[in-house]
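Residues per chain are reported as follows:
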Amino acid sequence: AQSVTQPDIHITVSEGASLELRCNYSYGATPYLFWYVQSPGQGLQLLLKYFSGDTLVQGIKGFEAEFKRSQSSFNLRKPSVHWSDAAEYFCAVGSLIQGAQKLVFGQGTRLTINP
Amino acid sequence: GAGVSQSPSNKVTEKGKDVELRCDPISGHTALYWYRQSLGQGLEFLIYFQGNSAPDKSGLPSDRFSAERTGGSVSTLTIQRTQQEDSAVYLCASSFTGVEQFFGPGTRLTVL
């Protein structure tokens, strides 16, 4: 069965510092991978996605992620965080069901930004 | 509106009552998904619709949960005889491509 692990439940970084959020997945084939962000009281917003091709993908808000098949990882990075990046981040793998993707999510990483 | 909408945004109910949660997908999106977000279980898939059909109901936690979709648009998730463990945020998502999903703001359900 597909699974996603986000090893860090909570991360605190200073504003302006770099960020890396870890994600490891388990999937039998080439995965569809996603990162979503959830601000308090809000739904999920898609940051970026990987389907195939270039293993470094760019997303919104200055985020990027790198797919590493050998490590079964899809880590999210940002060179310099802003206070507005404080939120919960979810990594997900898409499980194909009859032409559509059922998302299996990690437990999430809560990001706190220190001023 | 351009996004997925859900109603109500908050619902407080008493144990044993039935509740209905509504999702309005983005116009033209044929795929619709329901997920549940709870403290203990994280984000979990409940059910998926393609048009008005539900090819995958595997995530529904019990027979107290049901969902329907009419006209290939609006979907309703119904929970009968609610229990305290049903308290969660219920999220709806829709998709045109079947791959990229757009989420609504969710309905927070509290069962007293």
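Going by the structure above, here's the rest.
A. Representation of the overall build of chain B. Across its full length, chain B carries zero helices and 11 strands. Its C-alpha atoms give chain B a radius of gyration of 13 Å, near enough to 13 Å, the size a compact globule of 112 residues would have. Principal-axis analysis of the C-alpha atoms gives chain B an extent of 40 × 25 × 25 Å. Of the contacts formed within chain B by residues at least 6 apart in sequence, a portion of 51% connects residues at least 24 apart. Carbon and sulfur atoms make up 47% of the accessible area of chain B, which amounts to about 5,200 Å² in all. Looking at charge distribution, chain B has the averaged site of its 10 positive side-chain charges lying 4 Å from that of its 11 negative ones.

B. Summary view of the overall build of chain A. When you go through chain A residue by residue, the secondary structure sums to zero helices and 12 strands. Walking chain A from its N terminus toward its C terminus, one meets helices and strands in the order β-β-β-β-β-β-β-β-β-β-β-β. For chain A, whose C-alpha radius of gyration is 14 Å, the value lies close to the compact-globule estimate of 13 Å for 115 residues. By its C-alpha atoms, chain A is 45 × 30 × 25 Å across when sized along the principal axes. Out of the 115 residues in chain A, the part that is buried amounts to 46%.

C. Summary view of the sheet that holds strand 3 (residues 19-24) of chain B. All names here are of chain B. Pairing within the open sheet is antiparallel, and its four strands lie in the order 1-3-8-7. The outermost strands of the open sheet, each flanked by one partner alone, are strand 1 (5-7) and strand 7 (65-69). Averaged over neighbouring strand pairs, the angle between their axes works out to 15° when direction is ignored.

D. Examining the side chain of Gln 38 of chain A more closely. With respect to the element layout, Gln 38 of chain A can be found in strand 5 (residues 32-38). Taking the relative accessible area as the measure of exposure, Gln 38 of chain A reaches 11% and is therefore buried. Only 3.0 Å separates the side chain of Gln 38 of chain A from the backbone oxygen of Gln 42 of chain A, close enough to count as a polar contact. In this structure the side chain of Gln 38 of chain A is engaged in a polar contact, spanning 2.9 Å, whose partner is the side chain of Gln 37 of chain B.

E. Up close: the pattern of salt bridges. Residues and elements named next belong to chain A. Scanning all chains against the criterion turns up nine salt bridges over all chains. Residue Glu 66 is joined to Arg 77 by a salt bridge in which the shortest nitrogen-to-oxygen separation is 3.3 Å. Placement of the pair is Glu 66 in strand 8 (residues 64-68) and Arg 77 in strand 9 (residues 73-78), with a sequence separation of 11 residues. For Glu 66, a relative accessible area of 22% corresponds to the partly exposed category. Salt bridges linked by common partners bring Glu 64, Glu 66 and Arg 77 together as one network.

F. Local environment of the state of the cysteines. Under the criterion given, the structure shown has two disulfides over all chains. Residue pairing for Cys 23 of chain A: its cysteine sulfur links by disulfide to Cys 91 of chain A, the two sulfurs lying 1.9 Å apart. Judged by the torsion about the S-S bond (-65°), the Cys 23 of chain A/Cys 91 of chain A disulfide is left-handed. Taken together, the residues Cys 23 of chain A in the loop between strand 3 (19-21) and strand 4 (24-26) and Cys 91 of chain A in strand 10 (residues 87-97) connect sequence positions 68 residues apart. Here Cys 23 of chain A falls in the buried class, since its relative accessible area comes to 0%. Relative accessible area serves as the criterion here: at 0%, Cys 91 of chain A is assigned to the buried category. Here Cys 23 of chain B connects covalently by a disulfide to Cys 92 of chain B, the sulfurs 1.8 Å from one another. Disulfide Cys 23 of chain B-Cys 92 of chain B: torsion about the S-S bond near -65°, hence left-handed. Of this pair, Cys 23 of chain B sits in strand 3 while Cys 92 of chain B is found in strand 9 (residues 88-95), placing the two residues 69 residues apart along the sequence. The two residues Cys 23 of chain B and Cys 92 of chain B agree in class, both being buried.

Conventions adopted
- Residues numbered from 1 in each chain as written.
- Chains lettered and ligands numbered in written order.
- Predicted model: local features only at pLDDT ≥ 70, side-chain atom pairs only at ≥ 80, totals over all residues.
- Heavy atoms only, no water.
- Helix = DSSP H or I, 4+ residues; strand = E, 2+ residues; numbered from the N terminus.
- Rg over C-alpha atoms; globule rule 2.2 N^0.38 Å.
- Contact = heavy atoms within 4.5 Å.
- Areas by Shrake-Rupley, 256 points an atom, 1.4 Å probe, with all protein chains shown as cover.
- Lys, Arg positive; Asp, Glu negative; His and termini not counted.
- Charge placed at Lys NZ, Arg CZ, Asp CG, Glu CD.
- Buried < 20%, exposed > 50% of the residue type's maximum accessible area, 1.4 Å probe, protein only.
- Pairing = 2+ DSSP bridges.
- Axes fitted to C-alpha atoms, helices over the stretch in contact; angles between N-to-C directions.
- Polar contact = N/O pair within 3.5 Å; in protein donor to acceptor, adjacent residues only side chain to side chain.
- Salt bridge = Lys/Arg side-chain N within 4 Å of Asp/Glu carboxyl O.
- Disulfide = S-S within 2.5 Å.

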